Amino acid sequence: MAAGKEIRTKIKSVENTRKITKAMEMVAASKMRKAQERMRAARPYAEKIAQVVAHMSQAHPEYRHPFVVPRESHRRVGLIVVTTDKGLCGGLNTNALRLTVAKMKEWDAQGIEVDVTVVGNKGLGFMQRLNANLVSHATGLGDTPHMERLIGPVQVMLDAYKEGRIDALYLIYSRFINTMKQEPRLQQLLPLTAEAAVERHAVHWDYLYEPEAKGVVDALMVRYIEAEIYEAVAENMACEQSARMVAMKSASDNAKNVIGELKLVYNKTRQAAITKELSEIVAGAAAV
Amino acid sequence: MAMTLHVDIVSAETSIYSGSAEYVIVPAEMGEVGIYPRHAPMLTRIKPGSVRIKKPFEAEEDLIYVSSGILEVQPHVVTILSDTAIRGADLDEARAMEAKRHAEEAIRNRTSAMEYAEAEAELAMAVAQLRAIEKLRRHRA
């Protein structure tokens, strides 16, 4: 019974695949909870620093930081793309990279050159294949985002902005809406737009800067941008785990269906073989 | 009741403290500063050290260690943005240089990765050919 054996090995292999996807689903589910907590833990800092920056833009400081000054020229832009390190997480990276490519094409049509910083292995591989102008990258971040790993790659972009090599800085990451839904999002980091500074009031006051405005504002601005990027990375990690969980769940369900169908076919052929054998015996007995 | 101010201490990775206080003492860059309610708005960098918080109706001050960061003072709200990483202009510069070097390496490795992929494809083809030859031989024999 050659067909029967073939189907049996097929069932076995699908079962093994299902074991793996099931295990990955459960791992992703437990990691997802932690990643979401981490994402929430990053929020207070980002909110507070955004408030402080908003206060500062309402105030009238004697020193205007280059990050808040809008630029007229728009010849070269910086782009930070946040992706995951590992695959098997559905269309998460594909969606983010599709948005990236669309945006890059648009800039290309306008004659704007793009410098790219990548977070995550998936994006790095993609950008290398695309032959993009890669200036820095952060990969192998693991399950917990660390500010320490992001400072260097981000600093490269901020330096480029300060020196006027790029005229704007954008960020692309996956926004976490809920476990089932993630959305790629493009955000302008630099120069700081008016939306970033919420609730504008024409109040004429200023902070006391200790020791001098420049140093304090510089430190604050760099931290603000880093906080935005850190938050994006934390959010992307939460997206990754939930997307992986959903993808693995559908893979497990699919494997279950395939096993069911294969078992049906297997039993049918077995039944057919038995019936055939029986009828042969009966026919043989009748002939005698 | 005495006037109080609201104190928030947050770092990028977690929220450390949030609550009301009669006064706070913060290790600012220029020296320790004590902040009472209705302080003038102020923005300054802080040094690593301990923040002392006097909560209302408690005799003892609370001690919280913070690394460097930024202190923002509003008349009734004090926000301390604590860093999680050790900072410094030189250190940040070194990190940026390192990141740049990594990127250049990645670009240089691009060719080698491509070569590797090509070699792998060639190897797979060779193996397939060998297998085909073996099958043919067995067929003949």
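Analysis parameters
Every chain is numbered independently, its residues counted from 1 as its sequence is written. Working convention: letters from A go to chains and numbers from 1 go to ligands, in the order in which they are written. Side-chain atom pairs in this predicted model are given and counted only at pLDDT of 80 or more, local residue features only at pLDDT of at least 70, and totals for whole chains, interfaces and linings cover all residues. Only hydrogens and water are set aside when side-chain values are computed; all heavy atoms of the structure are taken into account. The numbering of helices and of strands both runs from the N terminus, where a helix is a DSSP run of H or I of at least 4 residues and a strand a run of E of at least 2. Each residue's exposure class comes from its accessible area (1.4 Å probe, protein chains only) as a fraction of the maximum for that residue type: buried when under 20%, exposed when over 50%, partly exposed otherwise. For this analysis, residues touch if any pair of their heavy atoms sits within 4.5 Å. Under the convention used here, a 1.4 Å probe and the Shrake-Rupley method define accessible areas, while residue burial counts only the protein chains that appear. Counted as positive: Lys and Arg. Counted as negative: Asp and Glu, with His and the chain ends omitted from the count. To locate a charge, take NZ of a lysine, CZ of an arginine, CG of an aspartate or CD of a glutamate. A score between 0 and 100, pLDDT records how confident the predictor is in each residue. By definition, the buried area sums, over both parts, the 1.4 Å-probe accessible area that each loses when the two are put together. When a carboxyl oxygen of Asp or Glu is within 4 Å of a side-chain nitrogen of Lys or Arg, the pair counts as a salt bridge. Definition of nonpolar core: a set of buried residues of the types Ala, Val, Leu, Ile, Met, Phe, Trp, Tyr and Cys, connected through side-chain atoms within 4.5 Å.

A. A look at the overall build of chain A. When helices and strands are tallied, chain A shows 5 helices and 6 strands. From first element to last, N terminus to C terminus, chain A shows the α and β order α-β-α-β-α-β-α-β-β-β-α. Split into buried and exposed, the 288 residues of chain A put 47% on the buried side. Long-range pairs, those at least 24 residues apart, make up 78% of the contacts in chain A with a sequence separation of at least 6. Only carbon and sulfur atoms are counted for the fraction: they give 54% of the accessible area of chain A, which is about 14,600 Å². When the 40 positive and 33 negative side-chain charges of chain A are each reduced to one mean point, those points stand 11 Å apart.

B. Focus on the overall build of chain B. What chain B contains, in helices and strands, is 1 helix and 9 strands. Counting helices and strands in the order they occur from the N terminus, chain B gives β-β-β-β-β-β-β-β-β-α. Projecting the C-alpha coordinates of chain B onto the three principal axes gives extents of approximately 105 × 30 × 20 Å. Residue pairs at least 24 apart in sequence account for 47% of intrachain contacts in chain B once pairs closer than 6 positions are excluded. Surface summary for chain B: the accessible area is close to 8,500 Å², and the carbon and sulfur share equals 58%. Each charge class in chain B was averaged separately, 17 positive and 22 negative side chains, and the resulting centres sit 11 Å apart.

C. The confidence of the model for chain B, seen in detail. Here chain B shows a mean pLDDT of 83. Residues at 70 or above account for 90%. Scored as a complex, the prediction yields pTM 0.82 and ipTM 0.75.

D. Spotlight on the interface of chain B and chain A. In this assembly, 38 residues from chain B lie in contact with 43 residues from chain A. Counting each side, the surface lost to burial between chain B and chain A is near 3,500 Å², with a carbon and sulfur contribution of 63%. When the shortest N-O distance is used, the salt bridge between Arg-45 of chain B and Glu-212 of chain A registers 3.8 Å. Secondary-structure elements contributing two or more residues to the side of chain B that touches chain A are β1 (5-11), β5 (42-46), β8 (69-73), β9 (77-82) and α1 (89-140) of chain B.

E. Representation of the nonpolar core in the model. If you look at the biggest cluster of nonpolar residues, it comprises 55 residues, and the most contacted ones within it are Leu-220 and Ile-225 of chain A together with Leu-43 of chain B. Taken together, the elements giving at least two residues each to this core come down to α1 (2-58), β1 (76-82), β3 (133-138), α4 (147-162), β4 (168-176), β5 (182-190) and α5 (213-287) of chain A together with α1 of chain B. When residues in this core are grouped by element, the largest group, 15 residues, is from α5 of chain A. Ignoring anything within four residues of it in the chain, the contact list for Leu-43 of chain B reads Val-52, Met-56, Tyr-207, Leu-208, Tyr-209, Glu-210, Val-216 and Leu-220 of chain A together with Ile-70, Leu-71 and Glu-72 of chain B.

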